[in-house]
Amino acid sequence: MERILLIVLCLLCCSCATWRPSTRYEEMTYQFVNVADGISTVDRLRYGCSEKNPLLGQHPSQKDVAVFIVSAGLIHAAFTNYLENNHPELIPYSQGISIGFKTGAVIHNMSLSCN
């Protein structure tokens, strides 16, 4: 699963070549944290934790998590592309909120000890 997520991350970041450098760096940061969220979610599920995201259910499969993470990455990149072309002044706010939220999810996942 980790390989699939990293490949998608690389493809997403390469497709953003026309964006301003600051937008590319922010999007790469979001995508990296998004992948970290997927990996940490699967890791915690292996230790008996339950998922808190209502879209995934309490005990999603690795495939369900991968599909969710890839979908979230694609939707985020599409929204960032929309902002880049129409409202570039909003990108720092959008990225800050997204990166902060995903980072919080990773920190939460890694702080759990379940059995």
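These lines cover the structure that appears in this document, whether it is placed above or below. Because the structure is a prediction, the values reported are computed rather than measured.

Focus: the pattern of salt bridges
Two side chains that carry opposite charge are able to pair once their charged atoms sit near each other. On inspection of all chains with the given rule, the structure shows three salt bridges. For Arg20, the salt bridge identified is with Glu84, shortest N-O distance 3.2 Å. With a gap of 64 residues between them, Arg20 in the loop between α1 (2–14) and α2 (21–46) and Glu84 in helix α3 (residues 62–86) connect regions that are remote in the sequence. Looking at Arg20, the relative accessible area reads 35%, which means it is partly exposed. The residue Asp43 makes a salt bridge to Arg44 at a minimum N-O spacing of 2.7 Å. Since its relative accessible area comes to 13%, Arg44 is described here as buried.

What about the environment of Pro92?
Examined against the element boundaries, Pro92 turns out to sit in helix α4 (residues 91–111). Residue class for Pro92 comes out partly exposed when judged on its relative accessible area of 47%. Considered as a pair, Pro92 and Thr23 are 69 residues apart in the sequence and their alpha carbons are 8.0 Å apart.

What to know about α4
Helix length check: α4, at 21 residues, gives a terminal C-alpha distance of 30 Å against a target of 30 Å (1.5 Å per residue), a fit within 8%. Taken together, the buried positions of α4 are occupied by Ile91, Ser94, Gln95, Ser98, Ile99, Lys102, Val106 and Asn109. The buried side chains of α4 occupy one side of the element, clustering within an arc of 115° when seen end-on. Exposed side chains of α4 directed beyond 90 degrees from the buried face belong to Tyr93, Ile97, Phe101, Ile107 and Ser111. Where α4 is buried, its residues contact α2 and α3.

Thresholds applied
Residues numbered from 1 in each chain as written. Predicted model: local features only at pLDDT ≥ 70, side-chain atom pairs only at ≥ 80, totals over all residues. Heavy atoms only, no water. Salt bridge = Lys/Arg side-chain N within 4 Å of Asp/Glu carboxyl O. Helix = DSSP H or I, 4+ residues; strand = E, 2+ residues; numbered from the N terminus. Buried < 20%, exposed > 50% of the residue type's maximum accessible area, 1.4 Å probe, protein only. Expected span 1.5 Å × (residues − 1). Arc of directions from axis to C-beta. Contact = heavy atoms within 4.5 Å.

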